[in-house]
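Residue-level structure breakdown
Now for the letters of each chain:
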Amino acid sequence: MADTFGIGVMDDQRVAQGIKVQAEHCRRNGAPVTARIVEAQLALMASDTMCGKRIVEWPGLPLEDAMPLRLAGGFHNLLLTGAESRLLPVYNGHITDQSDVDAIVVAVTTDHDQRLLPWLDGPPQTNEAGRSASFMAGLLWLADKTGPRFELNEIGASAGINTMMERYHYNLGGVEAGPAASPMRIKPEWRGPPPPSPKIEIVHISGCDQSPVDLSDPESALRVKSYVWPENSERLERMDAAISLAMQKRPELVKADALDWVLERLSSPQPAGITRVFNHSIVWQYIPADRRDAITAAIEAHGRNATAERPLAWMMLETNRETFRHELQIRYWPGPAQWHLLAEAQAHGAWVEWRAAQS
């Protein structure tokens, strides 16, 4: 029987159900501690706290808004800053019984209610270098369709970690790319055949975000690190490497509305022989539907006017709202009027299952 986990839940208005599915999603992605922290938010709903009241009265879709992960970031921040020692046995796995975790989370929230409440104001800045493995594989696939030189424009770039991907080293099923001496080593578990292996060049990368994070600022960097699931030691190591690289040279990142920025980038001069790529990962759901429609219309309109000398491509790693799986898809112009499903990937880049031969 097919696994129906998550199907339709992105459209489920029930907050409690959203919390339960988010917890299960964490468990399925190797994060049992984060799953317990998320599930404890069910107990918060019955507590006399501002955070609990905010959860109960959540106006949107809890999964689409990533509401449970917002507060999970706040709890991790309390641990990382040394503000709350009661969380340590939960995070180190010494306390695993859900009722015990619930009691600790409610007590901690009661004492840190005012500090935790703002974490619910915006979506998680889950900037993850591991996701760029899918982007690099997509560029390798795209190179023989549009050419090997690329300009990348990342929508919803958060702290700009993936706008530094030209500085990372990749091993994708044995196919290597990027500078060999890079401190950022990205080697996901590769499933299926390897991607193509042409020589490519990323000539320029920039990104936008409504609330960009400056990784060169220690407090801001720690906030982004707080959203990393603590069980994932490799992710924490990648975050430290990204912060170090950003300290050396800050990524090119601007504060802008996604639609306004896309229109500005589309109207800017495009050098001949370079493919202009718009890319994004786990951000599409946070953009209002009318803005998504306008971005789609703008990119497709420019795509119809693209030429072999000045190609256009759109590359996304986003959640399939029917299956709750993360898919790498690309569309390019001039080219066939269709999306190409190249891969499925773990949410934070732990593995990539290459499916391009089927696309």
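Here is a short report on the structure shown in this document. Within each chain, residues carry numbers counting from 1 in the order of the written sequence. Whole-chain, interface and lining totals are the exception, using all residues; otherwise, since this is a predicted model, local features are given only for residues with pLDDT of at least 70 and side-chain atom pairs are given and counted only at 80 or more. Processing note: side-chain calculations cover all non-hydrogen atoms of the structure and skip hydrogens and water entirely.

1. A look at the overall build of the protein
Broken down by element type, the protein carries 12 helices and 12 strands. In terms of C-alpha radius of gyration, the protein reaches 20 Å, essentially the compact-globule figure of 21 Å for 359 residues. By principal-axis analysis of the C-alpha atoms, the protein measures approximately 60 × 45 × 40 Å. Counting only residues that meet the buried cut, the protein has 56% of its 359 residues in that class. In this description, accessible areas are obtained by the Shrake-Rupley approach with a 1.4 Å probe, and a residue is regarded as covered only by the protein chains that are shown. For the protein, the accessible surface area stands at approximately 15000 Å², while carbon and sulfur atoms represent 50% of it. Positive charges are assigned to Lys and Arg, negative charges to Asp and Glu, while His and the chain termini are left out of the count. All charge positions are set by atom: Lys at NZ, Arg at CZ, Asp at CG, Glu at CD. A distance of 4 Å separates the average location of the 35 positive side-chain charges in the protein from that of its 45 negative side-chain charges. Numbering of helices and strands runs from the N terminus, with a helix taken as a DSSP run of H or I at least four residues long and a strand as a DSSP run of E at least two residues long. For a compact globule the rule gives 2.2 Å times the number of residues to the power 0.38, and the radius of gyration it is set against comes from C-alpha atoms. Three labels apply to residues, based on accessible area from a 1.4 Å probe with only protein chains included: buried if under 20% of the type maximum, exposed if over 50%, partly exposed otherwise in between.

2. Some points on the nonpolar core
By nonpolar core we mean a set of buried residues, namely Ala, Val, Leu, Ile, Met, Phe, Trp, Tyr and Cys, connected to one another through side-chain atoms within 4.5 Å. Met165, Tyr168 and Trp354 are the most contacted members of the largest nonpolar core, which totals 51 residues. Element by element, the count of residues in this core is highest for helix H8 (residues 132-146), at 9 residues.

3. Details of the sheet that holds strand E2 (residues 169-172)
Consider a sheet: its strands pair through backbone hydrogen bonds, and that pairing is either parallel or antiparallel. As summarised here, the arrangement of the 3 strands in space is E3-E2-E4, forming an open sheet in which the pairing is mixed. Looking at the sheet topology across the chains shown, the edges are occupied by strand E3 (175-177) and strand E4 (185-186). Think of it this way: DSSP has to see at least two bridges between two strands before they count as a pair. As judged from the 3 bridges shared by E2 and E3, these two strands associate in the antiparallel manner. Bridge pairing in E3 links leucine 172 to valine 175.

4. Regarding the sheet that holds strand E1 (residues 149-155)
Pairing is mixed in the open sheet, where 9 strands are placed in the order E5-E12-E11-E10-E9-E8-E1-E6-E7. Here the strands that pair on one side only, and so sit at the sheet edges, are strand E5 (189-191) and strand E7 (253-255). Neighbour-to-neighbour, the strand axes of the sheet open up by a mean angle of 20°, direction not taken into account. The pairing of strand E8 (residues 275-281) with strand E9 (residues 312-319) spans 6 bridges and is classified as parallel. To get an axis, fit a line to the C-alpha atoms, keeping to the stretch in contact for a helix; angles then go from 0 to 180 degrees between the N-to-C directions.

5. Here's the deal with the side chain of asparagine 232
Topologically, asparagine 232 is positioned in the loop between helix H9 (218-226) and helix H10 (233-248). Residue classification places asparagine 232 among the buried positions, given a relative accessible area of 14%. The contact criterion used is simple: two residues touch if any of their non-hydrogen atoms lie within 4.5 Å. Beyond its immediate stretch of four places on either side in the chain, asparagine 232 contacts Gly30 and His348.

6. Quick notes on the packing of aromatic side chains
Working definition: rings of Phe, Tyr and Trp (its six-membered ring) pair if their centres are within 6.5 Å, and the pair is stacked with planes under 30 degrees apart, edge-to-face with planes over 60 apart, and tilted otherwise. Across all of its chains, the model carries 6 aromatic pairs by this definition. On the basis of an interplanar angle of 65° and a centroid distance of 5.4 Å, the ring pair of tryptophan 119 and tyrosine 227 is categorised as edge-to-face. With a gap of 108 residues between them, tryptophan 119 in the loop between helix H7 (98-116) and H8 and tyrosine 227 in the loop between H9 and H10 connect regions that are remote in the sequence. A relative accessible area of 6% means that tryptophan 119 is categorised as buried.

7. Things to note about the pattern of salt bridges
Salt bridge, as used here, is a side-chain nitrogen of Lys or Arg placed within 4 Å of a carboxyl oxygen of Asp or Glu. Per the stated rule, a full pass over the model turns up 23 salt bridges. Among the salt bridges present, the one from arginine 238 reaches glutamate 128, with a minimum N-O distance of 2.9 Å. Taken together, the residues arginine 238 in helix H10 and glutamate 128 in the loop between H7 and H8 connect sequence positions 110 residues apart. In this pair, the class of arginine 238 matches that of glutamate 128, namely buried. For glutamate 201, the salt bridge identified is with arginine 149, shortest N-O distance 3.1 Å. A residue pair is termed long-range when its members are at least 10 positions apart, and glutamate 201 in strand E6 (residues 201-209) and arginine 149 in strand E1 qualify at 52 residues. A relative accessible area of 39% places glutamate 201 in the partly exposed class. In this structure arginine 149 comes out as partly exposed when scored by relative accessible area, which is 33%.

8. Structural notes on the packing of helix H2 (residues 32-39) against H7
Closest axis-to-axis distance for the H2/H7 pair is 9 Å, and the angle between their directions is 60°. The way H2 lies across H7 gives a crossing that is right-handed. Across the interface between the two elements, Arg36, Ile37 and Glu39 from H2 touch Gln98, Val101, Asp102 and Val105 from H7. Charged means Asp, Glu, Lys or Arg here, nonpolar means Ala, Val, Leu, Ile, Met, Phe, Trp, Tyr, Cys or Pro, and polar covers whatever is left, Gly included. A class-by-class count of the residues in the contact of H2 with H7 yields 3 nonpolar, 1 polar and 3 charged. In a left-handed crossing the near helix is turned counterclockwise from the far helix by less than a right angle, and in a right-handed crossing that turn is clockwise.

9. A look at H8
End to end, H8 covers 20 Å across 15 residues, agreeing with the expected 21 Å (1.5 Å per residue, within 8%). Consider a residue and the seven residues that end there alongside the seven that start there; fitting an axis to each set, the bend is the angle between those axes. Remark: the principal bend of H8, roughly 25°, maps to leucine 140. Among the residues trailing H8, glycine 147 stands out with phi positive, at a value near 120°. Multiply 1.5 Å by the residue count of a helix minus one, and that product is the helix's expected span.

Such coordinate-based values are descriptive only and should not be taken to indicate function.
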